[in-house]
Amino acid sequence: MPSYTVTIATGNQWFAGTDDYIYITLVGTETCSERTLLDKPLYNDFERGAIDSYDVRTSENLGDLVFVKLEKKKYWVQDDWYCRYITVKTPSGDYLEFPCFRWLVDDSEVVLRDGRAFLPQDDKTSLVKQHRQKELETRRKIYKWKEWQPGFPMSINANKHKELPRDIQFDSEKGMDFLLNYSKAFVLMSHPLCLALEYVMEHWKEDFMFGYQFLNGCNPVLIRKCHKLPDKFPVTDEMVSVSLERELTLEQEMEAGNIYIVDCELLDGISANSTDPCTLQYLAAPICLLYKNNQKKIMPIAIQLGQDPKENPIFLPTDSEYDWLLAKIWVRSSDFQIHQTVTHLLRTHLMTEVFGIAMFRQLPAVHPVYKLLIPHIRFTIAINTKAREQLICECGIFDKANATGGGGHVQLIQKAMKTLTYKSLCFPEMIKSRNMDDVEEMPTYFYRDDGYKVWEATKNFVSDVVSIYYTCDERVQEDEEIQAFIKDVCSFEFPKSVKTCEELIEYLTVVVFTASSQHAAVNFGQYDWCSWIPNAPPTMRKPPPNEKGLANVNLIIDSLPDRGRSSWHLGAVWALSQFQENELYLGMYPDEHFIEKPVKQAMEKFRKQLTEISSFIKKRNDGKKLPYAYLSPDKIPNSVAV
């Protein structure tokens, strides 16, 4: 009588084990085994972290194994179970791996294929084709689209975290850490400050620090080279000549590539927070002109605090100390609003959720692109659902702390969506579109330099994996599932299809890079740069000055947020900047969705490249008073999870 040895691994997360009944059926090309209860006498089966083995005897050889069917039935009370994988040893001594990595909830079943990846056109039998189709039909009933606000990217159809499918909810310990981090913020000041924060607190008033943040702070994506001043920003040579060091006119400096601009036009017309009638709050849409001096430092030379030059004077470094300081504070506050709502929330969190939902709806677990992307979607839909539940909802933390609260943040995303394009998520294209790609011209733009390295390593890895399964462009065009995935994402200025291997590689690189590296670059420095309130005020309590000579210390203090809003802000930027326990960083793939040796070799090559990049960044940062490490791969989590 043939005997199959089945080994089952239970997850390590909290409450992964179960006391429910677990049944297994082995499905082969010739026949099926009987439905077998997996239960050892006097033994506690399927405990958290356990690896248990069982013998499944059959009356005849099953042929080649096609599926493993698992069923969970209630024993006493419903007890969810997380199965990591199943290994089957056949009577001939062969080992087959069946990745699972999912929860079995209530009375449920799951049918698993072995761990080899297949494109849909490579499945030849009706049995596996039907399984593939049934999996997607089930997923599409679970993962439904919903428009949380008009004009927003589509999101998951769930109002609360507990309504999400169990497979994409936070582990209990992960969710608990997220909530506890807010309370931790209020005892922070009793601990030593990080070096970056200390440096910011000491130098935040200085022009070089103001300019440096546009290169390597939390929001290093707004600065662009300026070859011609916009009509709405009438800076003259006479105004700024004292700030220019090369004996050139302003126009000549622009021609030489030494002038840069930051325009916060997105904030123009956005409603300021009015949720508290006792405290008026204000927004501005400033324009800032910056100059690369002889030391190649970026220095501010002119600031206009609104888009209309008739109503807004141009503040200069030659103005009074407090006029100039208050103008810079307004720019920093406006930069914070755009960073938090557009650069961070929209362009990493919400976009990654779109990719994730489309992946679940259109790619079965056997598809190589599903296996490639699933580690980079981990917990993203969960954290976004919590954000809609606690942060950006009515009476959420945005309302309590930010000038864009009370609906302004919704308007800002709606406005930003009108200019969001696929190419703007392609890192090299995004840098080049702002004319910031010349390393010699701007040697201290570490966000760009490190981003190039990580983008290239990520693209090489994606290319290595894609080339294993797509040997020619026709294979991409014939893959109905990948085309459906691309089409499901396409609700705005994104490709409607991919026709070549190169297009697919770039597209998947965008997904992985956005979910990991870009999010790390704009998220994990928030406590460093934004916790010193004058450097990144989340709101302003006085309107921007419309004439010079008004500013003094008292006006600045009265303009900055009060203690209550500052506390909410501090708690938020602390929580958002924290890595989680047992964080999975870029290149770490403990859940083996892929079993093929060529893919594992590609992963090892990827990890080696990432280690080399981390070593380079560490060496470059040695001795720097203000090191830049946000894009060091050993500090880049695999996914948007906080």
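Residues numbered from 1 in each chain as written. Predicted model: local features only at pLDDT ≥ 70, side-chain atom pairs only at ≥ 80, totals over all residues. Heavy atoms only, no water.

Visitor: I tried to follow the UniProt feature "binding site: Fe cation" (unreviewed entry) in the protein on my own but got confused; where do I start?
Guide: Those places that UniProt annotates as "binding site: Fe cation" (unreviewed entry) correspond, in this numbering, to His344, His349 and His519. A stretch of 176 residues holds the annotated residues, and the largest C-alpha distance among them is 7.7 Å, short enough that they meet in one place. As for the lining of the largest cavity, the annotated residues named previously contribute His344 and His349. Tracing the backbone shows His344 in helix α7 (residues 321-362). Of the residues examined, His344 reaches a relative accessible area of 4% and is grouped as buried. Apart from residues no more than four positions distant in its own chain, His344 is found in contact with His339, His349, His519, Val522, Asn523, Gln526 and Leu576. Residue placement: His349 occurs in helix α7. With a relative accessible area of 5%, His349 lands in the buried category. What His349 contacts, discounting residues up to four positions off in sequence, is His344, Thr380, Ile383, Asn384, His519, Val640 and Val642. (UniProt positions renumbered as here; feature names shortened; annotations may be inferred. 1 Å grid on protein atoms, 1.4 Å probe; cavity = no way out; pocket = protein on both sides within 12 Å on 5 of 7 lines; lining within 4 Å. Helix = DSSP H or I, 4+ residues; strand = E, 2+ residues; numbered from the N terminus. Buried < 20%, exposed > 50% of the residue type's maximum accessible area, 1.4 Å probe, protein only. Contact = heavy atoms within 4.5 Å.)

Visitor: I keep staring at the pattern of salt bridges and nothing clicks. Help me out?
Guide: Scanning the model with the defined rule gives 28 salt bridges in all. Between Lys328 and Asp207 there is a salt bridge; the shortest N-O distance is 2.6 Å. Linking Lys328 in helix α7 with Asp207 in helix α4 (residues 207-216), this pair joins segments that are 121 residues apart in sequence. Lys459 serves as the salt-bridge partner of Glu502, at 3.3 Å between the closest nitrogen and oxygen. Of the two residues, Glu502 sits in helix α16 (residues 501-523) while Lys459 sits in helix α13 (residues 446-469), which places them 43 residues apart along the sequence. Taking the relative accessible area as the measure of exposure, Glu502 reaches 46% and is therefore partly exposed. Judged by its relative accessible area of 21%, Lys459 falls in the partly exposed class. Connected through salt bridges with shared partners, the residues Arg113, Asp123, Arg132 and Glu481 form a single ionic network. (Salt bridge = Lys/Arg side-chain N within 4 Å of Asp/Glu carboxyl O.)

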